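The lines below spell out each chain.
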Amino acid sequence: MPKIVTDEGIEIFYKDWGTGQPIVFSHGWPLSADDWDTQMLFFLQQGYRVIAHDRRGHGRSSQVGDGHDMDHYADDLAAVTAHLDLRDAVHIGHSTGGGEVVHYIARHGESRVAKAAIMSAVPPLMLQTDANPGGLPLSVFDDLRAQLAANRSEFYVALASGPFYGFNRPGVETREPLVRNWWRQGMTGGAKAHYDGIKAFSETDFTEDLRKITVPVLVMHGDDDQIVPYADAGPLSAELLQNGTLKTYQGFPHGMPTTHADVINADLLEFIRS
């Protein structure tokens, strides 16, 4: 399996298919690069080079006990892009991966980056604070940690079969293979990384990161997102970006890259080509 070894000695697994302008995908919590299969195959067929990595502690990367924070996530992504010498890249991040993309660009600069897209993404800040009254209370994330620690397997089934894909909404039929694939990806990663990752995606404030970015960024968010609520995420990120465009998807759930891949892929392709 292709892997790089970071300066810390961490092995980061990645996929690298095709030639042409590179598109780099950053996955959500607690998944892996496999969550981008549909997008990677689609853009490969459109003539792009597609790359996706497993975040440290996730999927096939090293299950280390520490470094599960946005600084390390961004630095690991930078190590992958440098190892592959990617130029003029388009970075696409979903959920926690959207935060990773934003922090990577702000922390490591735009010399290798052409554009970015963040979807159902955690920026600017998920946690409720005095400065962010529309965020979610800390108790929400404490509950996620408690469920993960008690029985990670049961917790992941419940999350995937419920709010992640919107299968808990009236009239929405559960697509069992999606639930199984979500569970499979989650259980491949490490419990410690996933536990610590909740703090990383919920408590990191990306406000200043967003303000630093000058490349075009497409902000994609469903207004029925039950994981990263729309009003305190997508619109606020688009306002903070110097060159951001908000695209709102009526009724789409958090996992819309999977449930509505045809729509998402077409809009991403239009943005990349524009």
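Residues numbered from 1 in each chain as written. Predicted model: local features only at pLDDT ≥ 70, side-chain atom pairs only at ≥ 80, totals over all residues. Heavy atoms only, no water.

The name given to the protein chain in an unreviewed UniProt entry is Alpha/beta fold hydrolase, with the source organism recorded as Promicromonospora kroppenstedtii.

Asker: Mind showing me how you'd approach the layout of surface pockets here?
Answerer: Gaps left between atoms are located by rolling a probe of water-molecule size over the structure's atoms. When its volume is computed, the largest pocket comes out at roughly 210 Å³. Within the residue set of the lining of the largest pocket, elements represented by two or more residues are helix H4 (138–150) and helix H5 (152–164). (1 Å grid on protein atoms, 1.4 Å probe; cavity = no way out; pocket = protein on both sides within 12 Å on 5 of 7 lines; lining within 4 Å. Points joined across faces, edges and corners; volume = space filled by probe spheres on them. Helix = DSSP H or I, 4+ residues; strand = E, 2+ residues; numbered from the N terminus.)

Asker: Would you mind showing me how to read helix H2 (residues 70–83) here?
Answerer: Owing to its 3.6 residues per turn, the α-helix brings residues three or four apart onto one side. Over its 14 residues, H2 runs 20 Å from end to end, which matches the ideal 20 Å to within 8%, given 1.5 Å per residue. What H2 keeps buried is the set Met-70, Tyr-73, Ala-74, Asp-76, Leu-77, Ala-78, Val-80 and Thr-81. Of the residues flanking the end of H2, it is Asp-85, one or two places downstream, whose phi is positive at about 50°. (Expected span 1.5 Å × (residues − 1). Buried < 20%, exposed > 50% of the residue type's maximum accessible area, 1.4 Å probe, protein only.)

Asker: Before we go on, may I ask you to explain the packing of H2 against helix H3 (residues 96–108) in this structure?
Answerer: The geometry of a pair of packed helices is captured by two quantities: the angle between their axes and the separation between those axes. Where H2 meets H3, the closest approach of the two axes is 8 Å, and the angle between their N-to-C directions is 70°. On the basis of their axis angle, the class for H2 and H3 is roughly perpendicular. Of H3, the residues touching H2 (which contributes Met-70, Asp-71, Tyr-73, Ala-74, Asp-75, Leu-77, Ala-78 and Thr-81) are Thr-96, Gly-99, Glu-100, His-103, Tyr-104, Arg-107 and His-108. Its residues placed into classes, the contact of H2 with H3 shows 6 nonpolar, 5 polar and 4 charged. (Axes fitted to C-alpha atoms, helices over the stretch in contact; angles between N-to-C directions. Parallel < 35°, antiparallel > 145°, perpendicular 65-115°, else oblique. Contact = heavy atoms within 4.5 Å. Nonpolar A, V, L, I, M, F, W, Y, C, P; charged D, E, K, R; others polar.)

Asker: When you look at the pattern of salt bridges in this model, what are you seeing that I'm missing?
Answerer: Proximity of charged atoms lets side chains of opposite charge pair with each other. On inspection of all chains with the given rule, the structure shows 20 salt bridges. Asp-76 serves as the salt-bridge partner of Arg-56, at 2.7 Å between the closest nitrogen and oxygen. Linking Arg-56 in the loop between strand E4 (49–53) and H2 with Asp-76 in helix H2, this pair joins segments that are 20 residues apart in sequence. Here Arg-56 falls in the buried class, since its relative accessible area comes to 1%. Classification of Asp-76 by relative accessible area gives buried; the value is 4%. Each of Lys-15, Asp-34, Asp-37, Asp-54, Arg-60 and Arg-184 takes part in one network of salt bridges that share partners. (Salt bridge = Lys/Arg side-chain N within 4 Å of Asp/Glu carboxyl O.)

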